[in-house]
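Residue-level listing of the chains:
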Amino acid sequence: MEGQTESKLPAPLEPQPKEKLKNNASKNIIISVAEELGVGYLINKEGSQTLAERYDARNKKEQYIQQENLEKIFKLATDSTPAEKAKQIDPDWLSYFTTIARTIRNNSMQQLWSRILKQEFLVPGSVSLKTLDTLRSMTHKEAQVFHKACMLSCQFGNDRSKKILTSLKAKHKFLPLFFTPTLHKVSLGNFSLPYSDLLILLELGLILKTELESGELTSGISLPFSYQSHTYKLTPHQKGLSFIYYRLSPTGQEIAELLGSKAHEPFRETILELLAPYFVIESQ
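Residue numbering note: each chain is counted from 1, following its sequence as written. Selection of residues for local features in this predicted model requires a pLDDT of at least 70, selection of side-chain atom pairs for listing and counting requires 80 or more, and totals for whole chains, interfaces and linings are taken over all residues. Water and hydrogen atoms play no part in the side-chain values, which are based on all heavy atoms of the structure.

Participant: Can you lay out the nonpolar core for me, pointing to particular residues and giving the numbers?
Facilitator: Nine residue types can take part in a nonpolar core, namely buried Ala, Val, Leu, Ile, Met, Phe, Trp, Tyr and Cys, and a core is a set of them joined through side-chain atoms within 4.5 Å. Here the term buried applies to any residue with accessible area under 20% of the maximum for its type, exposed to any over 50%, and partly exposed to those in between, with areas from a 1.4 Å probe on protein chains only. In this structure, Phe-97, Trp-113, Ile-116, Phe-146, Ile-164, Phe-243 and Phe-279 are the most contacted members of the largest nonpolar core, which totals 61 residues. Domain segmentation is taken from an automatic or database assignment of domains. Residues from two domains meet in this core; each of domain 1 (40–127) and domain 2 (140–283) gives at least three. Contacts: residue pairs with any heavy atoms within 4.5 Å of one another. Residues contacting Phe-279, with those up to four places away along its chain left out, are Leu-168, Leu-217, Leu-234, Thr-235, Pro-236, His-237, Leu-241 and Phe-243.

Written out as structure tokens, the structure reads:
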């Protein structure tokens, strides 16, 4: 109407592109991490005005966190170590251990480092500095991969080292010189251990870099075989049988002992099904 000003509705908000929203969410993650670490001053202009004050505040916070990490690890080790069996630890080893362990914040990894400390209290000198260095370089994901590998490892023969069985090799029963041996593969990928994970363990030095083959098993002669707490006696039906496997390195073996044994029942059944046509299997 004449003499009245026309009211204007606010312009509708323009929808934000999905990519822009995603980028903003990513940026918020970076900002959140920066604030948690005490290095977000130039982003939000909040906090102490001087660089020296911010430096001191960040270092103090970091020292608090490291103190808390060590206290948790020592508490876990104390709770699980029989007091009457604990022995004195080499001070140099302990200094090296605490330098690394104070930076461990993940709860699962703290459990692992408490087992290392417990083992050293029980048997001083049993955990090498090389093992500590290897563990320091491992992420939580890599530790989980190795734990899976240990769950799928077995032992056979008089060698008590842990092995990851990949195939059973069988020569032709009657004409071995004329026929290519058959490889009966173990599908590790079906049990959450694909070849890409084995490559991770190879790079970490937890398993030896060459796939190995056992000597040919003698027909009629029994062979000790164990999977976690299950032990068997295998007697080959025929000549020309051998195992193809990866073997844990000495460092891998040392860490595996710290992780303890945990069986995967479907995997145990798969291994027994693989062996059954070629061996007499007796539980011990």
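Participant: I'd like to hear about unusual backbone geometry, residue by residue, with values.
Facilitator: Positive phi outside glycine occurs at Lys-45, with the angle close to 60°. Topologically, Lys-45 is positioned in the loop between helix 2 (41–44) and helix 3 (51–80). Phi is positive for Ser-192, which is not a glycine, with a value near 65°. Helix numbering and strand numbering both begin at the N terminus, where a helix is a DSSP run of H or I of at least 4 residues and a strand a DSSP run of E of at least 2. By the secondary structure assignment, Ser-192 is in the loop between strand 3 (182–185) and helix 8 (195–204). What makes Ser-192 partly exposed here is its relative accessible area of 43%.

Participant: Go over the environment of Thr-99, please, and point to the residues and values.
Facilitator: When you line up the elements, Thr-99 lands in helix 4 (residues 91–101). Of the residues examined, Thr-99 reaches a relative accessible area of 36% and is grouped as partly exposed. Polar contacts, as used here, are pairs of N or O atoms within 3.5 Å; protein pairs need one atom able to donate a hydrogen and one able to accept it. Residues neighboring in sequence count only if both atoms are side-chain atoms. Side-chain polar atoms of Thr-99 contact the backbone oxygen of Ser-95, separated by 2.8 Å.

Participant: How would you explain the packing of helix 6 (residues 129–136) against helix 9 (residues 250–259) if you had to name every residue and give the values?
Facilitator: Put simply, helix 6 and helix 9 touch, their axes get as near as 10 Å, and they point 80° apart. In this view, helix 6 runs roughly perpendicular relative to helix 9, as classed from their interaxial angle. Taken together, the residues of helix 9 that come into contact with helix 6 (itself represented by Lys-130, Thr-131, Thr-134 and Leu-135) are Thr-251, Glu-254 and Ile-255. Just so you know the grouping, Ala, Val, Leu, Ile, Met, Phe, Trp, Tyr, Cys and Pro go in nonpolar, Asp, Glu, Lys and Arg go in charged, and all remaining residues, Gly too, go in polar. By residue class, the composition of the contact of helix 6 with helix 9 is two nonpolar, three polar and two charged. Axis geometry follows a simple rule: fit a line to the C-alpha atoms, using only the stretch in contact for helices, then measure angles between N-to-C directions, giving values from 0 to 180 degrees. Just so you know how the angles are binned, under 35 degrees is roughly parallel, over 145 roughly antiparallel, 65 to 115 roughly perpendicular, and the rest oblique.

Participant: Break down helix 5 (residues 107–122) for me, with residues and values.
Facilitator: Between the first and last residue of a helix there are one fewer steps than residues, each counted as 1.5 Å, and that sum is the expected span. Look at helix 5: 23 Å from first C-alpha to last across 16 residues, which is about the 22 Å you get at 1.5 Å a residue. Within the sequence span of helix 5, burial applies to Met-109, Gln-110, Leu-112, Trp-113, Ser-114, Ile-116, Leu-117 and Glu-120. Packing partners of the buried residues in helix 5 comprise helix 3, helix 4, helix 6, helix 7 (140–151) and helix 9. For helix 5, the side-chain oxygen to backbone nitrogen distance between the N-cap and Ser-108 is 2.9 Å, and the N-cap itself is Asn-106.

Participant: Go over the environment of Glu-84 with me, naming the residues and quoting the values.
Facilitator: Here Glu-84 lies in the loop between helix 3 and helix 4. Spatially, the C-alpha atom of Glu-84 lies 9.7 Å from that of Leu-122, the residues being 38 residues apart in sequence.

Participant: Pulling in residues and values, what's your account of the environment of Glu-211?
Facilitator: Along the chain, Glu-211 falls in the loop between helix 8 and strand 4 (212–213). Excluding residues within four positions of it along the chain, Glu-211 makes contact with Thr-166, Ile-244, Tyr-245 and Tyr-246. At a separation of 2.7 Å, a polar atom in the side chain of Glu-211 contacts the side chain of Thr-166.

Participant: Before we move on, can you summarise the pattern of salt bridges with the specific residues and values?
Facilitator: Salt bridges are counted wherever a side-chain nitrogen of Lys or Arg sits within 4 Å of a carboxyl oxygen of Asp or Glu. Under the criterion given, the structure shown has 11 salt bridges. Between Glu-213 and Lys-169 there is a salt bridge whose closest N-O contact spans 3.4 Å. Linking Glu-213 in strand 4 with Lys-169 in strand 2 (residues 159–170), this pair joins segments that are 44 residues apart in sequence. Using a relative accessible area of 42% as the deciding quantity, one classes Glu-213 as partly exposed. Relative accessible area serves as the criterion here: at 21%, Lys-169 is assigned to the partly exposed category. When the shortest N-O distance is used, the salt bridge between Glu-265 and Arg-268 registers 2.4 Å. Placement of the pair is Glu-265 and Arg-268 together in helix 10 (residues 265–275), with a separation of three residues, close to one helical turn.

Participant: Give a detailed account of the side chain of Lys-163, specifying residues and quantitative values.
Facilitator: With respect to the helices and strands, the residue Lys-163 is situated in strand 2. The buried category is assigned to Lys-163, whose relative accessible area is 2%. A distance of 3.4 Å separates the side chain of Lys-163 from the backbone oxygen of Asp-159, its partner in a polar contact. Once residues within four sequence positions are removed from consideration, Lys-163 is found in contact with Leu-152, Ser-153, Cys-154, Phe-156, Tyr-245, Tyr-246 and Arg-247.

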